[in-house]
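Spelled out, the chains give:
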Amino acid sequence: MAAVLGLIIGVVVGVFVRPDIPIGLQPYLPIMVVAALDALLGAARAYFERSFSDKVFVISFFANVITATLLVLLGNQLGVGSQLTTAVIVVLGIRIFSNVSTIRRFIFKG
Amino acid sequence: MADQHQFETHNAQSQSQAKSQRKNNTDPENTQEQPDLLHKISQRRAQDRENDSTETGAFPAVNKAIPNLKPKTRTLRTKLISSSLVAVLCALLGYGYVIQSNNSGEAVETMSESELTRLISDTNMQVDRLKDRKEQLSSQLRSLQEAADKQSQAQRIAEENAAASGILSGRLPAEGPGVIVRISQGDKKNIDPAILFTLLEELRNSGAEVIAVNDIRVVTSTYFAQRDGTLNCDGIVIKSPYVFKAIGDTTNLQNAVNMAGGVGSQLSVKYGAKVSIETSDDVKITEVAPTTDYQYAKIVE
């Protein structure tokens, strides 16, 4: 409930408040968003498995975001930023898909 | 190495145990030792199962709820804090998502080299296209301006024409250099229309542009006539002195009247009338002729 409420609040705030993103942060924001989405879906899966823990969620959220950002930062410094971005996106996408499929199984098995 | 060794010895032990078990089963005399032995055997087997387990750290047990991770007694405060933390994180996610989706149009920094090259060539092509378009439009603008100039010139000419024809047809009042001819009543003979008409023709021939006789504007249809002993011009009775106002070249007009044997001398000699000519730089002819409605003539289309 808190998660859904938070999402809605965030979207509404984002629609009404439009800050200028600092130019240094621009390549990392999409990665951050995808990583956070992965953490959220992992949390949803854990919720369905009845092993959800808010501590784990918070830690995985930050760990995901920071790891993804650092990875892309590293890639940018090595000159393979876009490729590494793609790699991170692909891996996170796979994780999201597997999480979603697990959640789907939970929902349809009952 | 030590582990392996232990494992081997343990295997040997279990084999010997199995042998002894078979021996025990075949030998019914040792029944009083059986409970103790059975207990030992079952203990050993349990130990074996545990040792033979293939579950290691590399193969974690999935779908197993971790017991006692959460403390059983959670206060309302911690619950509130944790759920609000979750909400804040989710809000951050939604916020980031919306901002990024609003901003994703101009992320030039994240583009690769080939994408940037394509973008540049696209932009260059667009610039060329726009330049072409601009040239087209400016040439169009030029031609339109020329057309407008032509049109304004045409309008100016039309206005001039209107003025000229207005003066010619007597529609408009006129002014300019000219002469004023005054003719008094003749002593010897009454002034007749013919001599007035001759004077008018002389003035016309010498280039008079606008002529008026006694407040009557002279146009192409103007006539002089004698009716019941009075002179009339265009149906209006005129009386002496007859005043001719004419706009044109003053010397020409003067010469036309004063010419030897001309209309001026005829008037003074034949009719005994006094003719005075006054030149002026600003003869004002404010009389206008009534407009005529053409009944038969029509403009050729």
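All figures in this text were calculated on a predicted structure; none of them were measured in a lab.

## Digging into the overall build of chain B
In terms of helices and strands, chain B carries seven helices and eight strands. Buried residues in chain B amount to 25% of all 301 residues. Total accessible area on chain B is roughly 22,000 Å²; 53% of this is exposed by carbon and sulfur atoms.

## As for the nonpolar core
Residue and element names in this part refer to chain B. Core analysis: the largest hydrophobic core is formed by 27 residues, its most contacted members being Ile183, Ile191, Leu203, Ile238 and Phe244. Breaking this core down by element, the ones donating at least two residues are β1 (174-183), α5 (193-205), β2 (210-213), β3 (216-218), β5 (230-233), β7 (242-247), α6 (250-258) and α7 (263-271). No other element matches α5, which puts five residues into this core. When neighbours within four sequence positions are excluded, Phe244 is seen to be in contact with Val179, Ile180, Val181, Ile183, Leu196, Leu199, Leu200, Leu203, Ile211, Ala212, Val213 and Phe224.

## Quick word on the sheet that holds strand β6 (residues 236-238) of chain B
The strands that make up a sheet are held in pairs by hydrogen bonds between backbone atoms, and each pair lies either parallel or antiparallel. Residues and elements named next belong to chain B. Taken together, three strands build an open sheet; the order of strands is β4-β5-β6 and the sheet is antiparallel. Of all strands in the sheet, those with a lone pairing partner are β4 (224-227) and β6, marking the two edges. Within this sheet the neighbouring strands show an average axis-to-axis angle of 45 degrees, counted without direction. In this sheet, β5 lies alongside β4 in antiparallel orientation, the contact comprising four bridges. Note that in β5 the partner of Ala225 across the bridge is Asn232. Along the sheet, α5 makes contact with β4, β5 and β6, crossing β4 at roughly 170 degrees.

## Digging into α6(B)
Along α6(B), the positions that sit buried rather than exposed are B:Leu253, B:Ala256 and B:Val257. On an axial view of α6(B), the arc spanned by its buried residues comes to 90 degrees, and they lie on one face.

## Describing helix α4 (residues 113-168) of chain B
Between its first and last C-alpha atoms α4(B) spans 81 Å; for 56 residues at 1.5 Å apiece the expected length is 82 Å, and the two agree. Positive phi appears at B:Gly170, one or two residues downstream of α4(B), with a value of about 80 degrees.

## Some words on the interface of chain A and chain B
Each side of the interface is counted separately: chain A has 31 residues, and chain B has 25 residues. Carbon and sulfur atoms make up 74% of the area that chain A and chain B hide from each other, which totals about 2,500 Å². Together, A:Gln26, A:Val33 and A:Asp54 form the three largest contributors to the area buried by chain A at its contact with chain B, with a combined 17%. Scanning the region where chain A abuts chain B turns up two residue pairs in polar contact (both at pLDDT 80 or more).

## Some words on the side chain of A:Asn99
Residue position: A:Asn99 is located in helix α4 (residues 81-109). Apart from residues lying up to four places away in sequence, A:Asn99 is in contact with A:Asp38, A:Leu41, A:Gly42 and A:Arg45.

## Things to note about the confidence of the model for chain B
In low-pLDDT segments, the atomic positions of the prediction should not be examined closely. All names here are of chain B. With 79% of its residues at a pLDDT of 70 or more, chain B shows a mean pLDDT of 80. Averaged over each element, pLDDT in chain B is lowest for helix α1 (residues 2-26) (47) and highest for α4 (92). Note that pLDDT drops below 50 for residues 1-27; the model gives that stretch nine contacts with residues more than four away or on any other chain. Scoring the predicted complex yields pTM 0.40 and, for the interface, ipTM 0.74.

## Focus on the packing of α5(B) against α7(B)
Residues and elements named next belong to chain B. Packing of α5 against α7 brings their axes to within 10 Å, and their N-to-C directions diverge by 160 degrees. Considered as vectors, α5 and α7 are oriented roughly antiparallel to each other. Seen from above, α5 lies across α7 with left-handed handedness. Packed against α5, whose contacting residues are Ile195, Thr198, Leu199 and Glu202, the element α7 presents Val263, Gln266, Leu267 and Tyr271 at the interface. Of the residues belonging to the contact of α5 with α7, the class tally is five nonpolar, two polar and one charged.

What counts and how
- Residues numbered from 1 in each chain as written.
- Chains lettered and ligands numbered in written order.
- Predicted model: local features only at pLDDT ≥ 70, side-chain atom pairs only at ≥ 80, totals over all residues.
- Heavy atoms only, no water.
- Helix = DSSP H or I, 4+ residues; strand = E, 2+ residues; numbered from the N terminus.
- Buried < 20%, exposed > 50% of the residue type's maximum accessible area, 1.4 Å probe, protein only.
- Areas by Shrake-Rupley, 256 points an atom, 1.4 Å probe, with all protein chains shown as cover.
- Core = buried A, V, L, I, M, F, W, Y, C linked by side-chain atoms within 4.5 Å.
- Contact = heavy atoms within 4.5 Å.
- Pairing = 2+ DSSP bridges.
- Axes fitted to C-alpha atoms, helices over the stretch in contact; angles between N-to-C directions.
- Arc of directions from axis to C-beta.
- Expected span 1.5 Å × (residues − 1).
- Buried area = accessible area lost by both parts, 1.4 Å probe.
- Polar contact = N/O pair within 3.5 Å; in protein donor to acceptor, adjacent residues only side chain to side chain.
- pLDDT = per-residue confidence, 0-100.
- Parallel < 35°, antiparallel > 145°, perpendicular 65-115°, else oblique.
- Left-handed = near helix turned anticlockwise from the far one by under 90°.
- Nonpolar A, V, L, I, M, F, W, Y, C, P; charged D, E, K, R; others polar.

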